[in-house]
Amino acid sequence: MNSRTWKLKNLDCADCAAKVEHAVASIPGVKDAQVDFLHMRMSVTADGDKDEAFWRGIEKIAKRTEGELDLREMDNGVCPYCNHEHCVCGVIEEKRKFDLPLCTIIVSLVLFLLSFLLRKEWIALIAYAVAGYGVVWSALKNIFKGKLFDEHFLMAVASIGAIFLKDYREAAAVMIFYQVGEYFQDKAVDSSRRHIADMMDLKSDTATVVKDGKERVVRSEDVSVGEIVKVKNGEKIPLDGIIVSGTSFLDTKSLTGEPVPRKVAAGDPVVSGCVNTESVLLIKVEKEYKDSTVKQILTLVEDASDRKAKSEQFITRFARYYTPAVVFSALALAVIPSLVTGSWSVWIYRALVFLVISCPCALVISVPLSYFAGIGSLAKIGVLVKGSNYLQTLSECRTIVFDKTGTVTEGTFKVRHTDSFQPYDKEQVMEAAGALEAESVHPIAKAIVSEKPSHPQAENVREIAGKGIVGVLNGKSIACGNEKLLDELCVRRNDAPSQGGSVVYVVIEGRHAGTIVVSDKVKENARETMERLHKDHVALAMLTGDEKRNAEEVAHEVGMDILKAGLLPADKVDKFEILKESGKTAYVGDGINDAPVLSLSDCGIAMGAMGSDAAINASDIVIMTDDISRVADTFHMAKRTSLTVKENIVFALSVKAVILLLGALGIAGMWLAVFADVGVAMIAILNSLRLFLVKSGR
């Protein structure tokens, strides 16, 4: 095994997480290292197989980098602290009965105000000691570990320097302001982590297995395929399966974001994670837990943070060089002008201000938090994003390509019209078509078969890819398919029907015997969705194997810009590659028939994927419902998230640059410096958290 994952505790900030990640990634033999501050996990991939000494060395370096860090290796995704999969242990720490940070802030603030009321500056020193004890102690411990560039060191040096310059109240005010900012930062991050906890609440830990009239409660992981589980009112469905008894309504909101319960009865398939809201159901298990829908969703949610966007990677690298550069600049600012002017106290104070400003926490926390907020908001409406890199890629796409059947249309076909030509009648046409289409799983084939459920069985049936099916019925050669099939068989076509829809040509004994028109209904909100995407300045295209006339009707109705119809699977790939030449391109399909194009796209989006393994595996973004408006919601959220990230980067760097300049010129004091550190971080974090408030449909 060349990769391992650890659960983390006592990791205080995103900057600390970045330092641990850099330290571990620098170890010879480590191919990739990811420290996820939001999920409190560290994943490491080695370059080839390694012995236990190598992995234990990684743990030692991680602990040496962050002294308070506690980490334990995860075994098959099971948390070593609480023995549960997909837990929130370390994500949401146990709530304290006594809020020590808040009490520290209140006490130090009271003492600070008393120093003014009683006109005693030494009281400000006590206020400083109360507020700054933990910061200074952490800075001292880190100095002995060779860590000189963390925020505790910067704040300690700046505030102690102010004390030596006899600015007691300013030193106390700076430390109190810093603690207030840290307190609200922690609350903001905790808020985002609670969204993780909400998303992890899909799984039912236990299942009630019914066998020989007896019930026993077991872990969901221990239930085998074929066993019967009982789900009572209010319970989550633990595993994917088929209802064998009972009628009820299922709340699928946690999976799909849909508020309306779905009615189910015996024979209906159900997926894990849904909540039974009415009567008792008996369900025959079709998949083990490891293959279930809820397991795949939870894995996607956990792994999303491991696939970082380019802007996240940039900020991590930027912070690595930015802080040391500013520290050395501050040292130069303290020494060089002082040697020239002799005003040591003036330039040392300016250097201390310079130090406080340099902390990169505003960027290190807010950028990944923005992506998490965007991904979390989409998860609430049943859209699963496999990583922040895919969200960023989608925001950069200038063309979105759609499949037609089941994506833009409902995918439920009905026979609209049947023509027959002498010497054959409509009955013979439908009989021949039904005998052949019974061998196909295509939606059009199912529609034809449903018109004539009882039909004779054809012999020597074979499929001609992208064209149709041929066989023998009652000793006569028969065939049905599209116009390309007629060309393949060299059959002269009679007049085509005037009705719109997909046309199926039926051939008996080498003659065009009849034509069946099958139509599919455009989804109710398809046009509105395309209008919303057009407002976001996206070009829309549709690739389909359907015949040109029917495809043109659908494309015109919903407002497509580009249409390519009558395509074989290989043709779809060729046409998509041509569309990609104009820039980054996304593809929206069902994730099964369109797997090659989904894989080829810059961002593949699978729709209607609830319970579909192929859809979840083939795509980068998974929409759990058939609601096409979710495509517009997802693209809009990708754009909003990308904009928020840019806002945070520009805002933080601009404010810091201005205040760094003002600090060097002696215009900005310590108060403004702390705002450039903690205040900017708070504003950037709050800006990121706004993404949780974005509603679908704008």
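Up top you'll find the structure we're talking about.
Just so it is clear, the model here is predicted, and its values are computed rather than measured.

The next thing to look at is the sheet that holds strand β11 (residues 269–270). Spatial ordering of the open sheet is given by β6-β5-β7-β13-β8-β11, a layout of 6 strands whose pairing is antiparallel. For this open sheet the edge positions go to β6 (214–219) and β11, each flanked by a neighbour on one side alone. Across 4 bridges, the pairing between strand β8 (residues 241–245) and strand β13 (residues 281–285) is antiparallel. Each bridged residue has a counterpart across the sheet, and for I242 the counterpart in β13 is K284.

Right, let's talk about the environment of K63 for a bit. Take K63: it is sitting in helix α2 (residues 52–65). Each C-alpha atom, one on K63 and one on V20, is 8.3 Å from the other, the two residues being 43 residues apart in sequence. Residues contacting K63, with those up to four places away along its chain left out, are L69 and L71.

Right, let's get into helix α14 (residues 443–451). Because each turn of an α-helix spans 3.6 residues, side chains separated by three or four positions in sequence point in the same direction. Along α14, the positions that sit buried rather than exposed are I444, A445, A447, I448 and V449. Buried residues along α14 sit against β16 (409–420), α13 (426–437), β20 (502–508) and β21 (511–522).

Now for the packing of aromatic side chains. The tally for this structure, following the rule as stated, stands at 4 aromatic pairs. An angle of 80 degrees between the planes, with centres 5.2 Å apart, marks the rings of F54 and W55 as edge-to-face. Judged by centre distance (5.3 Å) and plane angle (80 degrees), the ring pair of F112 and F116 falls under edge-to-face. Remark: F116 and F112 occur in helix α3 (residues 100–117); sequence separation between them is 4 residues, near one turn of the helix. Each member of the aromatic cluster is reached from another via a ring pair, and the members are W6, F54 and W55.

Another point: the packing of helix α21 (residues 629–664) against helix α22 (residues 670–689). Close contact between α21 and α22 brings their axes to 10 Å; oriented N to C, the two are set at 175 degrees. As summarised for this structure, α21 and α22 are arranged roughly antiparallel, according to the angle between their axes. Residue-level contacts link T644, E647, N648, F651, A652, V655, K656 and I659 of α21 to L672, A673, F675, A676, D677, V680, I683, A684, N687 and S688 of α22. Each residue belonging to the contact of α21 with α22 can be placed in one class, and the counts come to 11 nonpolar, 4 polar and 3 charged.

So, about the pairing of strand β15 (residues 399–402). In β15, alternate side chains face the same way, and those of T399 and V401 on one face and I400 and F402 on the other are all buried. Bridge count between β15 and strand β22 (residues 539–543): 4 bridges; the pairing is parallel. Directly across from I400, in β22, lies its bridge partner L540.

Read across the open sheet, the 6 strands follow the order β16-β21-β20-β19-β18-β17; overall the sheet is antiparallel. Here the strands that pair on one side only, and so sit at the sheet edges, are β16 and β17 (459–464). Direction aside, neighbouring strands of the sheet carry axes that sit 20 degrees apart on average. In the packing of α13 onto the sheet, contacts are made with β16, β17, β18 (468–473), β19 (476–481), β20 and β21, and the angle to β18 comes to roughly 110 degrees.

All right, on to a nonpolar patch on the surface then. Together, F328, L331, V335, I336, L339, V340, W344 and I348 give the surface a local cluster of nonpolar side chains, amounting to about 810 Å² of exposed area. Secondary-structure elements contributing two or more residues to the nonpolar patch are α9 (310–341) and α10 (344–357). With 6 residues, α9 is the single largest residue contributor to the nonpolar patch. Position of I336 among the secondary structure elements: in helix α9.

Another aspect to go through is the pairing of β21. For β21, a buried count of 10 out of 12 residues is recorded, marking the element as mostly surrounded by other parts of the structure. Sheet analysis places β16 next to β21, joined by 8 bridges and oriented antiparallel. Bridge pairing in β21 places S420 opposite G514. Looking at chain direction, β20 and β21 are connected through 7 bridges and run antiparallel. By the bridge assignment for β21, S502 is matched with V518. What sits between the antiparallel neighbours β20 and β21 is a turn of 2 residues, in which E509 has the positive phi angle 55 degrees.

Right, let's get into the nonpolar core. Core analysis: the largest hydrophobic core is formed by 50 residues, its most contacted members being M155, Y178, F354, V356, I357, M670 and V674. When residues of this core are traced back to their parent elements, those giving at least two are α3, α4 (121–144), α5 (151–164), α6 (168–199), α9, α10, α21 and α22. Among the elements that take part in this core, α10 stands out by supplying 9 residues, more than any other. When residues no more than four places from it in sequence are discounted, the contact partners of I357 are Y322, K656, I659, L660, A673 and A676. Membership of the second largest hydrophobic core comes to 49 residues, among which are L391, L540, L691 and V694.

Attention now goes to unusual backbone geometry. Residues apart from glycine generally show negative phi values, whereas peptide bonds are mostly found in trans. The step from Q422 to P423 runs through a cis peptide bond, and the omega angle for that step is 10 degrees. Within the secondary structure layout, P423 lies in the loop between β16 and α13. A positive phi angle is found at R119, which is not glycine, with a value near 55 degrees. Within the fold, R119 resides in the loop between α3 and α4. Even without glycine at this site, H537 takes up a positive phi of about 65 degrees. When you line up the elements, H537 lands in the loop between α16 (526–535) and β22. Accessibility expressed as a relative area gives 66% for H537, which makes it exposed.

A word on the side chain of R4. On the secondary structure map, R4 appears in strand β1 (residues 3–9). The exposure class assigned to R4 is buried, which follows from its relative accessible area of 11%. At a separation of 3.4 Å, a polar atom in the side chain of R4 contacts the side chain of E73.

Attention shifts here to the pattern of salt bridges. Summed over the entire model, instances satisfying the criterion amount to 19 salt bridges. Put simply, E647 and R690 hold a salt bridge, and the shortest N to O gap is 3.9 Å. In this pair, E647 sits in helix α21 while R690 sits in the segment after α22, placing the two residues 43 residues apart along the sequence. Among the residues examined, R690 registers a relative accessible area of 40% and is labelled partly exposed. Connected through shared salt-bridge partners, R4, E52, R56, E59 and E73 make up one network.

This paragraph deals with the packing of α16 against α21. Their axes nearest at 8 Å, the elements α16 and α21 cross at an angle of 20 degrees. When the interaxial angle is binned, α16 and α21 end up roughly parallel. At the point where α16 passes α21, the crossing takes the left-handed sense. Counting all contacts with α16, which are made through T529, R532 and L533, the residues of α21 involved are S629, V631, A632, D633 and F635. In the contact of α16 with α21, the residues fall into 4 nonpolar, 2 polar and 2 charged.

About the criteria used
- Residues numbered from 1 in each chain as written.
- Predicted model: local features only at pLDDT ≥ 70, side-chain atom pairs only at ≥ 80, totals over all residues.
- Heavy atoms only, no water.
- Pairing = 2+ DSSP bridges.
- Helix = DSSP H or I, 4+ residues; strand = E, 2+ residues; numbered from the N terminus.
- Contact = heavy atoms within 4.5 Å.
- Buried < 20%, exposed > 50% of the residue type's maximum accessible area, 1.4 Å probe, protein only.
- Phe/Tyr/Trp six-rings, centres within 6.5 Å; stacked < 30°, edge-to-face > 60°.
- Axes fitted to C-alpha atoms, helices over the stretch in contact; angles between N-to-C directions.
- Parallel < 35°, antiparallel > 145°, perpendicular 65-115°, else oblique.
- Nonpolar A, V, L, I, M, F, W, Y, C, P; charged D, E, K, R; others polar.
- Patch = residues over 30% accessible without salt bridge, like charges linked within 9 Å, V, L, I, M, F, W, Y side chains within 5 Å.
- Areas by Shrake-Rupley, 256 points an atom, 1.4 Å probe, with all protein chains shown as cover.
- Salt bridge = Lys/Arg side-chain N within 4 Å of Asp/Glu carboxyl O.
- Core = buried A, V, L, I, M, F, W, Y, C linked by side-chain atoms within 4.5 Å.
- Polar contact = N/O pair within 3.5 Å; in protein donor to acceptor, adjacent residues only side chain to side chain.
- Left-handed = near helix turned anticlockwise from the far one by under 90°.

Just distances and angles here, no functional claims.
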